[in-house]
Amino acid sequence: MKLPDAREMRKLDQSAINDFHIPGIVLMENAGVATVRMMKKELGPASNSFALIFIGPGNNGGDGLVIGRHLHQNGCKPIFFFLIDPDSLKGDAAANMKIVRKLRLPYHIIDSEARVQTLPVLYKQFASRGIPCYALVDAIFGTGLSKPVAGHFAKTITFINSSEAVRGIPVVAVDIPSGMDSDNGKILGTSLRANYTAAYGCAKPGHVLHHGPEYSGKIEVLDIGIPPEALERAKITTELLDRKTVSKLIQSLNRVDNVHKGSHGHLAVLAGSSGKTGAAALAVKGALRTGTGLVSLFAPKELNVIYENLVLEAMTIPLPASTKFLTLNDLTFIQKMLEGKKTIILGPGIGTEQSTVDLVLQLYKNVSQPMVLDADALNILARHRDFLPVAAGPRIFTPHPGEMARLMGTSIEDIQDNRVQIAQKACALYSQERNDCVMVLKGAGTIITSSSGLTYINTSGNPGMATGGMGDVLTGIIAGLICQGLSCEAAAAAGVYLHGIAGDFLYDKQGFGYSAVELEDNIPRSIMQVLKKTP
């Protein structure tokens, strides 16, 4: 599912109007009709009730007028509250205002903070007539909002959110909750909290980033008549990562009967050090649970016995010169042993001893296989970003916000405020002269972006995954999918989604408090569910 930002959505609307000659007022009518249809599906019949519809400037207000008119057609009495002068409406919104006046539908002008104070009294008057309030409809601001909400607009939003008079009444947002930035989900001053959001044509990035999921409620994408040809022409490069998308990405994981372990790749894992052997074990098991045929774990001599007991299904490769952590002294040996391996994991738990740093830089520069980079490998690269060598092969970066802040030389706050843009900039920076870099910015709504220009925003996962070891498992999943033939971009996207689904199984069953080990045991179930072989 495409996720256009505000600029792209405006272009999409204009393409429908100018290129395909669909009048804007038709799109507005379709939007209003579809919203009422959604409301009836979610809230039941609208007859013998009333609805409060809050109208702001621009086409979002025009959508609200259409919604009110069609509620009227369904036996619901719409009462409009104009937060602007109705005569200031332009174009299609003004045309719909003429219809509202002709129908003599009731409205009030709430254009000052003093008038906002009258809303509880007005509501009680309507409620005293013996019919219930069907819904509150937010048609104040749409995707074009770019500055903080203030004045009587902010006070009205506070009334809808917090007034005892309207507590418990369903709130329906038109396209995006008023006060939310549709590009990133950040709150611009204050934001309405909706129970339902009618997203027109496409979902928006703001629905799934930052505060979007919390404030948007249940989101339904409504067809308003924008032709699919217009969507194709728009070349929107940000997509929602959901089950349907991932199912297409991983269809090649379906297996025939006559396969063997050599058919599903051989993974090399360079991870762990004294005190951090668990990171290596989790990455190994994540890859095995994903279906990787063979896994070899490079082990400093003193850690080899630990690894042989932790990961029985994997092979270990004892390093001749390294004792407690990976060192440059084993570079030649490691490079020789990497021959025939399909994918490399580098970084979880390796530490930042100088000899380890030197080894990481050499491997980054010289190894041609796809390499999934995590944890200390990312921190090492961040320290050398100004003179980083060009990578010899595809590189998949998997930073959490703190690691991304170090990679980009900025603050965690900046990362979290601009997740999509930062991930795209980081991918461009670390691609250097190549076009096979993938950047995975972990966190709620994980961002996956690549040198191809495509960006995914993930929909799976939950707060219970905010615990140690989860990132190590994800690294193993992504590497395991590459071993089984997925492209680096597809493996990163599918891996993130499957990782989240495995966590969702546990969260739905028991809430938070589950471990990374428990999560990786649910990876096969995640794959089977997405491949539609199990409910």
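It should be noted that the structure appears before, not after, this text.
Notes on the structure in this doc start here. (Residues numbered from 1 in each chain as written. Predicted model: local features only at pLDDT ≥ 70, side-chain atom pairs only at ≥ 80, totals over all residues. Heavy atoms only, no water.)

Right, let's get into the sheet that holds strand S6 (residues 196-200). Hydrogen bonds along the backbone pair up the strands of a sheet, which may run parallel or antiparallel. Judged by pairing direction, the sheet is parallel, and its seven strands sit side by side in the order S3-S2-S1-S4-S5-S6-S7 without closing on themselves. Only two strands of the sheet have a single partner each, and these edge strands are strand S3 (107-109) and strand S7 (218-222). Adjacent strand axes in the sheet meet at a mean angle of 20° when their direction is disregarded. Of the pairings in the sheet, the one linking strand S5 (residues 171-174) to S6 comprises three bridges and is parallel in character. The residue of S6 that forms the bridge with Ala 173 is Thr 197. On top of the sheet, helix H3 (residues 58-73) reaches strand S1 (49-55), strand S2 (76-82), strand S4 (133-139), S5 and S6; it is set at about 160° to S2, its chief contact. Seen against the sheet, helix H6 (residues 119-127) touches S1, S2, S3 and S4 and runs at an angle of roughly 155° to S1. (Pairing = 2+ DSSP bridges. Helix = DSSP H or I, 4+ residues; strand = E, 2+ residues; numbered from the N terminus. Axes fitted to C-alpha atoms, helices over the stretch in contact; angles between N-to-C directions. Contact = heavy atoms within 4.5 Å.)

This part is about the packing of helix H2 (residues 24-43) against helix H4 (residues 91-102). Interaxial distance between H2 and H4 falls to 9 Å at its minimum, and their mutual angle equals 60°. Classified by the interaxial angle, the pair formed by H2 and H4 is oblique. Considering only the axes of H2 and H4, their crossing is right-handed. Along the contact surface, H2 presents Gly 24, Ile 25, Met 28 and Glu 29, while H4 presents Asp 92, Ala 93, Ala 95 and Asn 96. Counted by class, the contact of H2 with H4 contains four nonpolar, two polar and two charged residues. (Parallel < 35°, antiparallel > 145°, perpendicular 65-115°, else oblique. Left-handed = near helix turned anticlockwise from the far one by under 90°. Nonpolar A, V, L, I, M, F, W, Y, C, P; charged D, E, K, R; others polar.)

On to the side chain of His 266, then. Examined against the element boundaries, His 266 turns out to sit in strand S9 (residues 266-270). What makes His 266 buried here is its relative accessible area of 17%. A polar side-chain atom of His 266 sits 2.7 Å from a polar atom in the side chain of Ser 296. If we ignore the near neighbours within four places in the chain, the residues touching His 266 are Leu 294, Val 295, Ser 296, Met 315, Gly 340, Lys 341, Lys 342, Thr 343 and Cys 483. (Buried < 20%, exposed > 50% of the residue type's maximum accessible area, 1.4 Å probe, protein only. Polar contact = N/O pair within 3.5 Å; in protein donor to acceptor, adjacent residues only side chain to side chain.)

No statement about biological role is implied by the geometric values presented.
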